[in-house]
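Per-entry structural report
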Amino acid sequence: MIRDAVRRLRGGPRDLAGVDPVTGLPDRWAFFAAVGRGDALDGVLLLGLDSFREVVEALGHAMADRLLAAVAERLRAHLPPGDLVTRLDGDEFAIMVARGGEVEGRATAERAGQVAALLAEPVVLDGLPLDVSAAIGMALYPEHGDDPQTLMRHADTAMAQAQSGAGVALYSARADHHSAERLALLADLRAALGRDDDELSLHYQPQVELATGRVVGVEALLRWRHPERGYVQPARLVALAERTAVMRQVTERVLSEAVAQAAAWRDVGLAFRVSVNVSGRDLHQNGLVEGIAARLTAHDLPPDGLQVEITESALMIDPPRAVDAVHRLARLGVGLSLDDFGTGYSSLRHLRRLPLTEVKVDRSFVLGMAADPQDAAVARAIVGLGAELGLRVVAEGVEDDATRRMLADAGCGLAQGWLFAAPMPAAAIPSWLTRYDAARHPVAGTGSGVAQGGK
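Position numbers for residues start from 1 in each chain and track the written sequence from start to end. The predicted nature of this model means local features are confined to residues of pLDDT at least 70 and side-chain atom pairs, given and counted, to a pLDDT of 80 or more, with totals for whole chains, interfaces and linings taken over all residues. Computation of side-chain values covers all heavy atoms of the structure but excludes hydrogens and water.

Of all the seven residues making up strand β13 (residues 335-341), six are buried; the element is thus mostly covered by neighbouring parts of the structure. Here strand β12 (residues 306-311) pairs with β13 via five bridges, running parallel. Paired with T311 across the bridge in β13 is D339. Pairing between two strands requires that DSSP report at least two bridges joining them. The way it works is that DSSP assigns letters per residue, a run of H or I at least four long becomes a helix, a run of E at least two long becomes a strand, and they are numbered from the N terminus. Sheet topology places β13 next to strand β14 (residues 358-361); three bridges connect them, and they run parallel. For S337, the partnering residue across the bridge sits in β14 and is E358. Three exposure classes are used, based on accessible area relative to the maximum for each residue type with a 1.4 Å probe and protein chains only: buried under 20%, partly exposed in between, and exposed over 50%.

Okay, here's the thing in structure tokens:
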């Protein structure tokens, strides 16, 4: 019986195999053995701590181990004795839930809620409160599998769903299909990156100086038209790649094309500043700064002709390494923009610490400015803060003239959005500029339509 197995595992000597040395919990092999017996099993929970990596990077492995031990003790002390709590690896724990009634799955669902509540309170170590919230995936026995491997695979699929924001998720065949589909799409992306065709292409969205109407820069945006699936949404493309090594290939492709295009434009008198997005994975990879420097030299492009956009979430993955990379880029002379500003919790700290040249007001505030006084107040506050700190401020998602006027009145420097232009291929930029320059007087003030040199 499961209770007997649990009693033997919990009561045995700590130096026997099958016990995790950090937490004192049974390990993955003990878990698989107990689940394999299947007696009175209701389901399994798989949970991963949300902020464990940040604890490791900021406080070290010793403190991280203490956090794991504290989480283990909290789970062990508050869950029923019939359940088996185990540590699998890293920040992942698994719980074998014993059946508690006639209704299959009820005990597992109840336990998931109980675990979420247990982890809602921080763990305090040396006076420092540490967040221990987790993504929790559920798989039910025998509905989602009658062997340990299948149950764990399905619980892992559910945990991936929970990590997208739900917090707790129950396995579904549809989610499993999406996981297989994601792997296939990732393989297609990797193959497309290895070909020199137009399946992947860069589009550029102009950035307009609100005070003068001049076009002073463009943002490079990757677009993917899959031969069978059609247009792949940019957000899906990034989500697909950013947790894998493919992200580095994506960034290298974008950097190579964007730097070459910026140099080509300069050769014909269009001195655009070209902005390129980089991910957290890019910031933490060796060779990013050296690769950018080599590309600038190869195309004889001044460093201020390129701007790197980073997000707050990218900085938080590994703050020391990310900050080091950002400072090295600044020393190179490349502009640095903090993207999606206002959506993170540590923005002010980043503004003080980082050698930024620009902040971008997140489109979620800009889109609602004309209709929502609170969004307008947030956008104005960000513009004012940027000005006080001597930073250029760009508003994303400007789609109507009322919003443009509100931003200009607030002192915002630049804007981009569909009011001015949608992202377009590089070949379309010259003809768009001709039309824009001829018609821009009703949109903004007088002046040259194209920036000639400088920022």
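Position of R223 relative to the elements: it lies in strand β9 (residues 215-226). Charged-residue counts in this description rest on Lys and Arg as positive and Asp and Glu as negative, His and the chain ends being excluded. By definition, a salt bridge exists where a carboxyl oxygen of Asp or Glu is found within 4 Å of a side-chain nitrogen of Lys or Arg. Salt bridges are absent for the buried R223, whose nearest opposite-charge side chain, E219, sits at 8.3 Å. Between N or O atoms, a polar contact is any pair within 3.5 Å; within protein, one atom must be a potential hydrogen donor and the other a potential acceptor, and residues adjacent in sequence are included only when both atoms are from side chains. Of note is the side chain of R223, whose polar atom sits 3.4 Å from the side chain of Y231.

Looking now at the pattern of salt bridges. Evaluated as defined, the whole model comprises 17 salt bridges. Note that R195 is salt-bridged to D197, the shortest N-O span being 3.1 Å. Linking K360 and E396 is a salt bridge whose minimum nitrogen-to-oxygen distance equals 3.2 Å. Taken together, the positions of K360 in strand β14 and E396 in the loop between β15 (392-395) and α17 (401-410) put the pair 36 residues apart, joining distant regions of the chain.

Further remarks concern the packing of aromatic side chains. Stacked, edge-to-face and tilted are the three classes for Phe, Tyr and Trp ring pairs, Trp counted by its six-membered ring, which pair at centre distances within 6.5 Å; planes under 30 degrees apart are stacked, over 60 edge-to-face, the rest tilted. The final tally for this structure, using the stated rule, is four aromatic pairs. Aromatic side chains F31 and F32 sit 6.2 Å apart centroid to centroid with 85 degrees between the ring planes, which places their arrangement in the edge-to-face category. Under the relative-accessibility criterion, F31 is labelled buried at 0%. An aromatic cluster is present here, built from Y204, W265 and F272 joined pairwise through their rings.

With that settled, the discussion passes to the environment of Y171. The residue Y171 is located in the loop between β7 (168-170) and α7 (173-193) in this model. By relative accessible area, Y171 is classed as buried at 10%. Spatially, the C-alpha atom of Y171 lies 7.0 Å from that of G137, the residues being 34 residues apart in sequence. Looking at Y171, its side chain comes within polar contact range of the side chain of H154, at 3.4 Å.

Let us now look at the packing of helix α9 (residues 246-267) against helix α11 (residues 288-298). Geometry of a packed helix pair, given as the angle between the helix axes and the separation of the axes. Only the stretch in contact is used when fitting a helix axis, every axis being a line fitted to C-alpha atoms; angles between N-to-C directions are given from 0 to 180 degrees. Contact geometry for α9 and α11: axes closest at 10 Å, N-to-C directions at 25 degrees. On the basis of their axis angle, the class for α9 and α11 is roughly parallel. The crossing of α9 and α11 is right-handed. Across from E252, L255, S256 and V259 in α9, the residues of α11 making contact are L288, I292, R295 and L296. Across the contact of α9 with α11, the residue classes tally to five nonpolar, one polar and two charged. Orientation categories follow fixed angle ranges, with anything under 35 degrees roughly parallel, anything over 145 roughly antiparallel, 65 to 115 roughly perpendicular, and all other angles oblique. In this scheme the handedness of a crossing depends on how the near helix is turned from the far one: anticlockwise by less than a right angle means left-handed, clockwise means right-handed. The contact rule is simple, with two residues in contact once any of their heavy atoms fall within 4.5 Å. When residue character is reported, Ala, Val, Leu, Ile, Met, Phe, Trp, Tyr, Cys and Pro are called nonpolar, Asp, Glu, Lys and Arg charged, and the others, Gly included, polar.

On to the confidence of the model for the protein chain. On average, residues of the protein chain score 84 in pLDDT, and 86% of them are at 70 or above. Within the protein chain, strand β16 (residues 414-415) carries the highest mean pLDDT (97), whereas helix α1 (residues 2-11) carries the lowest (38). For every residue, the pLDDT score states the predictor's confidence, bounded by 0 at the bottom and 100 at the top. Every residue in residues 1-17 scores below 50 in pLDDT, and together they form 24 contacts with partners more than four places removed in sequence or on other chains. Segment residues 443-455 is flagged for pLDDT under 50; beyond a separation of four residues in sequence, or across chains, it makes 40 contacts in the model.

Where helix α4 (residues 61-78) contacts helix α5 (residues 106-118), the axes come no closer than 11 Å and their chain directions differ by 135 degrees. Between α4 and α5, the interaxial angle falls into the category oblique. The hand of the α4/α5 crossing is right-handed. Within the contact between the two elements, α4 uses R74, L75 and H78 and α5 uses Q114, V115 and L118. Residues belonging to the contact of α4 with α5 are distributed by class as follows: three nonpolar, two polar and one charged.

Taking strand neighbours across the sheet as the criterion, the five strands line up as β2-β3-β1-β6-β7 in an open arrangement whose pairing is mixed. The strands lining the two open edges of the sheet, one partner per strand, are β2 (84-89) and β7. The mean angle between the axes of side-by-side strands here comes to 20 degrees, regardless of whether they run parallel or antiparallel. Strand contacts of helix α2 (residues 28-37): β1 (41-49), β2 and β3 (92-98), with the helix running at about 135 degrees to β2, the strand carrying the most contacts. In this fold α4 packs onto β1, β2 and β3, with an angle of close to 10 degrees to the strand it touches most, β3.

The nonpolar core is taken to be a set of buried Ala, Val, Leu, Ile, Met, Phe, Trp, Tyr and Cys residues, with the residues joined through side-chain atoms within 4.5 Å. Residues L189, Y204 and L283 are the most contacted members of the largest nonpolar core, which totals 79 residues. Per-element tally for this core: the top contributor is α9, with nine residues.

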